[in-house]
Number of protein chains: 2
Amino acid sequence: MQRKKKQYAVGVDFGGTFVKMALVNDRGQILVREQFATHQAATQLAWTEAVAEAVERMLAQRGLRPSALAGVGVGVPGFVDFDRGFIYNLTNVPGWTAVPLAAKLKRRLGLPAFVDNDANLMALGEVAFGGGKNLQHAVFLTLGTGVGGGLVLDGRLYRGAFSMAGELGHISIERNGVVSPQGRGGLEQYIGNRRIVDYTLALLAAGRTTTLLQLCDGDRGQITPELIARAAKQGDKLSLEIFDYIADCLATALASVTYLLQPEAFIIGGGVAQSGAILFVPLRRHLRERLSPYFARLIKVLPAKLGNDAGAVGGAALALQAAP
Amino acid sequence: MQRKKKQYAVGVDFGGTFVKMALVNDRGQILVREQFATHQAATQLAWTEAVAEAVERMLAQRGLRPSALAGVGVGVPGFVDFDRGFIYNLTNVPGWTAVPLAAKLKRRLGLPAFVDNDANLMALGEVAFGGGKNLQHAVFLTLGTGVGGGLVLDGRLYRGAFSMAGELGHISIERNGVVSPQGRGGLEQYIGNRRIVDYTLALLAAGRTTTLLQLCDGDRGQITPELIARAAKQGDKLSLEIFDYIADCLATALASVTYLLQPEAFIIGGGVAQSGAILFVPLRRHLRERLSPYFARLIKVLPAKLGNDAGAVGGAALALQAAP
């Protein structure tokens, strides 16, 4: 007799500020949410205990036994070895160097546990249940302070030789471009939130006129990508020009990825992507111009759909996918 | 009783000038070769017949029955649909539009037959039996008139959504770079053979001194990447500078690919790669400089080993890999 595939899993989005958790079913629906402040569980032991107790509460709330769960999938902001469920280091969370987290969770919960990079799980979440549903080959990007990404190839996360593939923010768009610790001309050095603001401030310093200054009451320190998007939507010429520049930088990297991987679609999430048509219209145009007609016709650029839930839903998707 | 895995296959490298074939064993050794001029088999029927007869001669020479073969793998210079074994179009061979070649060969030979892009099969050949032996994740590049490539991910060729992944020659290295039908700033527009020569001629026109002019007896039309490599090996400063430039352009693209795919190695073949240390030493240095220390330490840049046999050996490797 074939055992029935498990229908539930828990996803954990381990952020620098909050740990967000969700009990998710096999259609990607969130049934129960839990969260706690990261600083409230400052040791590894306290963290594992807080997660385990939240899992138990979520199960109890739906009247489910632990055996109903395919497992727990955790997305973390840093370097992991997926195969070993091991965290090398978390970028902005102290005290998480060299941690066999999957083993700890598995021991505490008695359930399969998985640990992956957060951008990878957002990618998987979007492809399993969000903006990229039913795609076999998709590239996910998240635009924010940094530019992260994840690759779903042949229906599964592709992690590369050392769990670190999909670093789209470091794709070079200019051979002699901005130098950073990651190399030269990396996309993130042009369209990371801070870089967009710097670019804008430079244009203002050069004397360009814009309604942006009214929107921020003359306080240039208040300028954010969100504010620029708002001005652009109101027709501000400079702000539209800035979004055209962001779109072209992004299109340069996406054209390279298209030739390399030939995905069916790019799925784009994160703060800057919330701008909607202001970003997507010039992005699609620039990408088309940067591809031969054959590729230009086939590739799709889609908005992410899961928003802040992508990481937790992706964690659950990973556990569901891995279940026997 | 388990059936024994087949030990032989035939690879076919369908070039614009010659069709080269090889009977290959499961260790990648070429046992028999055959070839014919492409123009001597000008129709699809004549071509299929010529290949089938060559297969039969090769088998006879080794005293093997057709049933000893896992199948026949054909690499073609153009666009294919791998899953259907279908040729859309061949770039430089007239009369090969919309051809179900795998089905034709299978019918004529009574053996499994596969059709793929030639660069893909070179990639597979190098990873199965050449410069990338035993690698699970490797990116192959061939440097010539154009820059082609192929991706081996998780031990198998990755073809993308429409059989066309791995087009490394079109990765953009300059956002505002050279415009071509494929986009803007494509690697091939900088380091394709003709572009290397153009770059050199421009430096000569600008009055740079070099021993190149002696090597070509003052006839600038004789300058080729090979001649530049020869001058570089003799210590010619300008030629060394040109190879440094080629290496840096290449490193820009390879750094992007490293961040995206995190392969274990790049395997580099084709004419320009024959230059050896003149190319590989600056290439490894520039790539290291363009990567964070973690990635720089892990990635390898290896010369291809199979030379002109890569396509035929890769065709055989494909058939061996696909065999039940």
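Here, residues in each chain are numbered from 1, in the same order as that chain's written sequence. Labels follow written order: the first chain is A, the first ligand is 1, and so on. At least 70 in pLDDT is required for a residue's local features to be given in this predicted model, at least 80 for side-chain atom pairs to be given and counted, and no such filter applies to totals for whole chains, interfaces and linings, which use all residues.

(A) The arrangement of helix H1 (residues 44-61) of chain A in detail. Residue and element names in this part refer to chain A. In this model H1 runs 26 Å from its N-terminal to its C-terminal C-alpha over 18 residues, within 8% of the 26 Å that 1.5 Å per residue would give. Listed as buried for H1 are Trp47, Val51, Ala54, Val55 and Met58. With its buried residues spanning 105° around the axis, H1 presents them on a single face. When the buried face of H1 is taken as reference, the exposed residues oriented beyond 90 degrees from it are Leu45, Ala46, Glu56 and Ala60. Once C-beta atoms are placed from the backbone, any two residues with those atoms within 7 Å are in contact. In this text, helices come from DSSP runs of H or I with a minimum length of four residues, and strands from runs of E with a minimum of two, each type numbered from the N-terminal end. Buried positions along H1 lie against strand S1 (8-14), strand S2 (18-25), strand S3 (30-37), strand S4 (69-76) and helix H2 (101-109). Backbone geometry just after H1 places Gly63 at a positive phi near 65°. The span expected for a helix works out to 1.5 Å for each residue beyond the first. Partly exposed residues are those whose C-beta has more than 12 but fewer than 20 other C-beta atoms within 10 Å; 20 or more makes a residue buried and 12 or fewer makes it exposed, with C-beta atoms placed from the backbone. Working note: the arc is built from the helix axis to C-beta atom directions.

(B) View of the interface of chain B and chain A. Listed by partner, the interface residues are 37 residues for chain B and 37 residues for chain A. Taken together, the elements giving at least two residues each to the side of chain B that touches chain A come down to strand S12 (183-184) and helix H8 (237-261) of chain B. The biggest single contributor to the side of chain B that touches chain A is H8(B), with 8 residues. When grouped by side-chain class, the residues that make up the side of chain B that touches chain A number 19 nonpolar, 12 polar and 6 charged. Classification used: nonpolar for Ala, Val, Leu, Ile, Met, Phe, Trp, Tyr, Cys and Pro, charged for Asp, Glu, Lys and Arg, polar for all others including Gly.

(C) Layout of the relation of the copies chain B and chain A. When the copies are superposed, the least-squares fit takes in the C-alpha atoms of residues with a pLDDT of at least 70 in both. You can overlay chain B on chain A at an RMSD of 0.0 Å; the transform is a turn of 180° with a shift of 0.0 Å along its axis. The operation mapping one copy onto its partner corresponds to a two-fold rotation axis. For chain B, the residue whose C-alpha comes nearest the rotation axis is B:Glu174, separated from it by 2.2 Å.

(D) Layout of the domain arrangement of chain A. All names here are of chain A. Boundaries of every domain are those given by an automatic assignment or by a domain database. Its domain assignment divides chain A into domain 1 (8-130 + 309-322) and domain 2 (138-305). Across the contact, 13 residues belong to domain 1 and 17 residues belong to domain 2. When contributions to the side of domain 1 that touches domain 2 are tallied by element, the ones reaching two or more residues are strand S5 (78-81) and helix H3 (118-129). Broken down by element, the residue count for the side of domain 1 that touches domain 2 peaks at 7 residues, all from H3.

(E) Looking closely at the environment of B:Gln61. Mapped onto the elements of the fold, B:Gln61 is located in helix H1 (residues 44-61). Expressed as a C-alpha distance, the spacing of B:Gln61 and B:Ala322, which sit 261 residues apart in the sequence, is 25 Å.

(F) Representation of the packing of helix H5 (residues 193-205) of chain A against helix H8 (residues 237-261) of chain A within the structure. Residue and element names in this part refer to chain A. Interaxial angles span 0 to 180 degrees and are taken between N-to-C directions of axes, which are lines fitted to C-alpha atoms, for helices over the stretch in contact. At their nearest, the axes of H5 and H8 sit 11 Å apart, and the two run at 135° to each other. In terms of axis orientation, H5 runs oblique to H8. Where H5 crosses over H8, the handedness of that crossing is right-handed. Residues Ile196, Tyr199, Thr200 and Leu203 of H5 touch H8, and the partners they reach there are Leu238, Ile242 and Ile246. Counted by class, the contact of H5 with H8 contains 6 nonpolar, 1 polar and no charged residues. An angle below 35 degrees is treated as roughly parallel, one above 145 as roughly antiparallel, one from 65 to 115 as roughly perpendicular, and anything else as oblique. Each crossing gets its handedness from the near helix: less than a right angle anticlockwise from the far helix is left-handed, clockwise is right-handed.

(G) A look at the environment of A:Gly169. Residue and element names in this part refer to chain A. Among the secondary structure elements, Gly169 is positioned in the loop between strand S10 (156-158) and strand S11 (179-180). On the basis of neighbour count, Gly169 is assigned to the buried category, with 25 C-beta atoms found within 10 Å. Considered as a pair, Gly169 and Gln189 are 20 residues apart in the sequence and their alpha carbons are 8.0 Å apart. Not counting the four nearest positions on each side in its chain, Gly169 is found in contact with Gly146, Val147, Gly148, Gly186, Leu187 and Glu188.

(H) Main features of the sheet that holds strand S13 (residues 265-269) of chain B. All names here are of chain B. Taken together, the 5 strands give an open sheet; going across it, the order is S10-S9-S8-S13-S14, and neighbouring strands pair in mixed fashion. Each edge of the sheet is formed by a strand with only one pairing partner; in this case those strands are strand S10 (156-158) and strand S14 (300-303). Going across the sheet, the axis of each strand differs from the next one's by a mean of 30°, ignoring polarity. Any two strands between which DSSP finds at least two bridges are classified as paired. For S13 and S14, the ladder comprises 4 bridges, and the chain directions are parallel. Along S14, the bridge assignment pairs Ile267 with Leu302.

(I) Main features of helix H7 (residues 225-233) of chain B. All names here are of chain B. All of the buried residues along H7 are Pro225, Ile228, Ala229, Ala231 and Ala232. The arc that holds every buried residue of H7, seen down its axis, measures 160°, which confines them to one face. Buried residues along H7 sit in contact with helix H5 (193-205), helix H6 (212-215), H8 and helix H9 (277-289). Positioned one or two residues after H7, Gly235 has a phi angle of 95°, which is positive.

(J) How the structure looks around the nonpolar core. With 209 residues, the main nonpolar core has A:Val10, A:Ile246, A:Ala316, B:Val10, B:Ile246 and B:Ala316 as its most contacted residues. Leave out the neighbours within four places in its chain, and B:Val10 touches B:Met21, B:Ala22, B:Leu23, B:Val55, B:Met58, B:Leu69, B:Val72 and B:Ala316. Buried Ala, Val, Leu, Ile, Met, Phe, Trp, Tyr and Cys residues whose C-beta atoms connect them within 7 Å together make up a nonpolar core.

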